[in-house]
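# Per-entry structural report
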Amino acid sequence: MFSGKKMFFSFLVVVFLVIMAGTSFAEKDTLIVANAFDAKTLDPILTYDLASSNVKMAVYDRLVVWDEKTGGVKPGLAEKWEQLDSTNYKFYLRKGVKFHNGETLKASDVKFSLERALGPQGGSVYAFLSSIKTVEVLDDYTFVIKLKAPYTPMLTALSITPGSIVNEKAVKEAGDSYGMNPVGTGAFKFVSWNKGDKITLVRFDDYWGEKPKFKNLIIRTVVEPVARVVELETGAVDIAYYIKPIDMNRVIENPNLTLLRKTDFSTHYCGFNFLRPPLDNPKVREAIWAALNTAAMQKAIDRGVGSLPTSQFPPNQKYFDPSLKPHVQDVEKAKRLLKEAGVENLKLEYWTDEDYARLATATMVQAQLEEVGITVEMKVFEWGAFMEGLKQKKQDLYSMSWTCPPDPDFSLAPVLHSKMIGGTNRSNVNDPELDAMIDKGAQMPDGPEREALYHKIQDRIVNVLRPWMYVNNGELLVGTQKNVKGFEISPIGYHSVNGVYFE
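None of these values were measured; they are calculated from a predicted model.

### Overview of the overall build of the protein chain
When helices and strands are counted, the protein chain shows 16 helices and 18 strands. The C-alpha radius of gyration computed for the protein chain amounts to 25 Å, which stays within 12% of the reference 23 Å derived for 503 residues, consistent with globular compactness. Once the C-alpha set of the protein chain is aligned to its principal axes, its extents read approximately 100 × 60 × 40 Å. The buried share among the 503 residues of the protein chain stands at 54%. Taking the intrachain contacts of the protein chain between residues at least 6 apart in sequence as the baseline, contacts between residues at least 24 apart amount to 69%. Here the protein chain has roughly 21300 Å² of accessible surface; of this, 53% comes from carbon and sulfur atoms.

Right, here's the structure in full:
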């Protein structure tokens, strides 16, 4: 009798363990990612910030996909394309691709998506797609993109999130609420969004491409950098984006975690507002830059991660000019230039958000400018309020970073061309000579002449205009659980998790 009870108890233990094992496997069907900020909107034409783009990469597809290995693009929703002449590209869509609402992808959706980005709503992404004149639909699966003028990085522009293809019917039905109810063709379908907390997605089983190996994707908002590390340490998240240098050793030294690193296309900087006197005077901008020890700032804030910039271009950008020298602090020169400009007792407002590196940059700028008689008042905003505030153009100085797609035009046109004032040109630079060179470079075919022009542009920006004081060329740090495999950092700054699996 005892033996029978013992056998029955052992049987129950085995059943319990089997059930628990099944539960464990079920839990691994959900990937939880810690994002640094909440998305602003999931409408691809309303913003191009990294937090939103990390979600859009899961929900939407684009016509082409940027290929880091070749530096070019490969097929996405377009299975092939041909360049008919310098301003016309013919595309052939994949057949049978479904949107999350059950609609079939048609060329009319592509036309609607791209022309919508060029309309009044698309101001935040206009610079990337502004070369497009029209989209001509030939049939349900064939269309021609006509450009206003030759545009060398056109295919690259189509590969980033502003080029995401939306469903015309879904956008029109949702109206102003579409950004909270996105419908794409991507590997994951939108489920819900708790603002400031998390966005929940589920695998789209009718996805045209290779289906992810997990079912649920939860992208959480964890603003504090150290909190993202704590979430990793406790196992509450599987992947944490944007680990800060000050926290990276906690990830490296934890046997249950992995730290991934990759140089990206970002430049972190302190920007001048050209519309705020006396910062409209190039001599004053030169003086302020001369007062700063940016090398010490980079070392203190970034702790050996990334590098000290010498140009508007990150060092891995095509046509980066390696002959440009690093900035060197010269306090006496700063004082002399301020005196020559007739500036005394200057008081400036420095705007930043709550990001650790940007706050630290602002604090060090404040301390160093005090040495040359400039008083700096810091104003710290929540990220969304910060972005909206910059549109009002009332800041003097501000901390920001720019991560660009891999073509030199994207290091320039969105952030320094006068047509983007009020948008991503947050320094409000209006220089006709620079505009003309940017426009010319975008149209030139790749080669030595294009390279020479971009070297000339970099020289004018660094040595004449000085819109930014460069602090760091970025290196992305991402922490993962040891059992998370298949994740690859994108140097563009936002990432796909489609290929992730649990070991």
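There is more to say, and it comes next.
### Side note on the sheet that holds strand S5 (residues 88–93)
Pairing within the open sheet is antiparallel, and its four strands lie in the order S4-S5-S7-S6. Of all the strands in the sheet, the pair left with one neighbour each is strand S4 (78–85) and strand S6 (132–139). Put simply, the sheet's adjacent strands are angled 20 degrees from each other on average, direction ignored. With respect to the sheet, helix H3 (residues 107–117) is in contact with S5, S6 and strand S7 (142–147), its orientation differing from that of S6 by roughly 170 degrees.

### Focus: unusual backbone geometry
Cis geometry marks the peptide bond from proline 277 to proline 278, where omega comes out at 5 degrees. By secondary structure assignment, the location of proline 278 is in the loop between strand S12 (257–272) and helix H9 (282–291). We note that asparagine 345 has phi near 50 degrees; this positive angle belongs to a residue other than glycine. Along the polypeptide, asparagine 345 turns up in the loop between helix H11 (331–340) and strand S13 (347–353). Looking at asparagine 345, the relative accessible area reads 67%, which means it is exposed. Although it is not a glycine, arginine 466 adopts a positive phi angle of roughly 50 degrees. Following the sequence through the fold, arginine 466 ends up in the loop between helix H16 (448–465) and strand S16 (468–481). On the accessibility criterion, arginine 466 (13% relative accessible area) is buried.

### Structural notes on the confidence of the model for the protein chain
Across the protein chain, the average pLDDT comes to 92, with 95% of residues at 70 or higher. A low-confidence stretch, residues 5–26 (pLDDT under 50), is modelled with zero contacts involving residues beyond four sequence positions or located in other chains.

### Comments concerning the side chain of aspartate 431
The residue aspartate 431 is located in the loop between helix H14 (413–416) and helix H15 (432–443) in this model. Residue aspartate 431 is classed as buried on the basis of its relative accessible area of 11%. Here the side chain of aspartate 431 touches arginine 460 through a polar contact of 3.1 Å, side chain to side chain. For aspartate 431, the contacting residues outside a window of four places in its chain are Arg460 and Leu465.

### Overview of the pairing of S5
Of all six residues in S5, five are buried, a share of seventy percent or more. Pairing geometry for S4 and S5, over six bridges, is antiparallel. When the sheet's bridge partners are listed, glutamate 82 is paired in S5 with lysine 90. Bridge analysis of S5 against S7 gives five bridges, and the strand direction is antiparallel. The partner of asparagine 88 across the bridge, within S7, is lysine 146.

### A few points about the pattern of salt bridges
Pairing between side chains of opposite charge can happen when their charged atoms approach one another. Per the counting criterion, the structure on display carries 27 salt bridges. The partner of aspartate 140 in a salt bridge is lysine 106, with the nearest N and O atoms 3.7 Å apart. Of this pair, aspartate 140 sits in the loop between S6 and S7 while lysine 106 sits in the loop between S5 and H3; the two residues are 34 residues apart in sequence, bridging distant segments of the chain. A residue is classified by how much of its surface remains accessible, and lysine 106, at 25% relative accessible area, is partly exposed. For glutamate 340, the salt bridge is made with lysine 283, and the minimal N-O distance between the two is 3.3 Å. In this pair, glutamate 340 is assigned in helix H11 and lysine 283 in helix H9, connecting sequence segments 57 residues apart. Owing to a relative accessible area of 31%, lysine 283 belongs among the partly exposed residues under this scheme.

Calculation criteria
- Residues numbered from 1 in each chain as written.
- Predicted model: local features only at pLDDT ≥ 70, side-chain atom pairs only at ≥ 80, totals over all residues.
- Heavy atoms only, no water.
- Helix = DSSP H or I, 4+ residues; strand = E, 2+ residues; numbered from the N terminus.
- Rg over C-alpha atoms; globule rule 2.2 N^0.38 Å.
- Buried < 20%, exposed > 50% of the residue type's maximum accessible area, 1.4 Å probe, protein only.
- Contact = heavy atoms within 4.5 Å.
- Areas by Shrake-Rupley, 256 points an atom, 1.4 Å probe, with all protein chains shown as cover.
- Pairing = 2+ DSSP bridges.
- Axes fitted to C-alpha atoms, helices over the stretch in contact; angles between N-to-C directions.
- pLDDT = per-residue confidence, 0-100.
- Polar contact = N/O pair within 3.5 Å; in protein donor to acceptor, adjacent residues only side chain to side chain.
- Salt bridge = Lys/Arg side-chain N within 4 Å of Asp/Glu carboxyl O.

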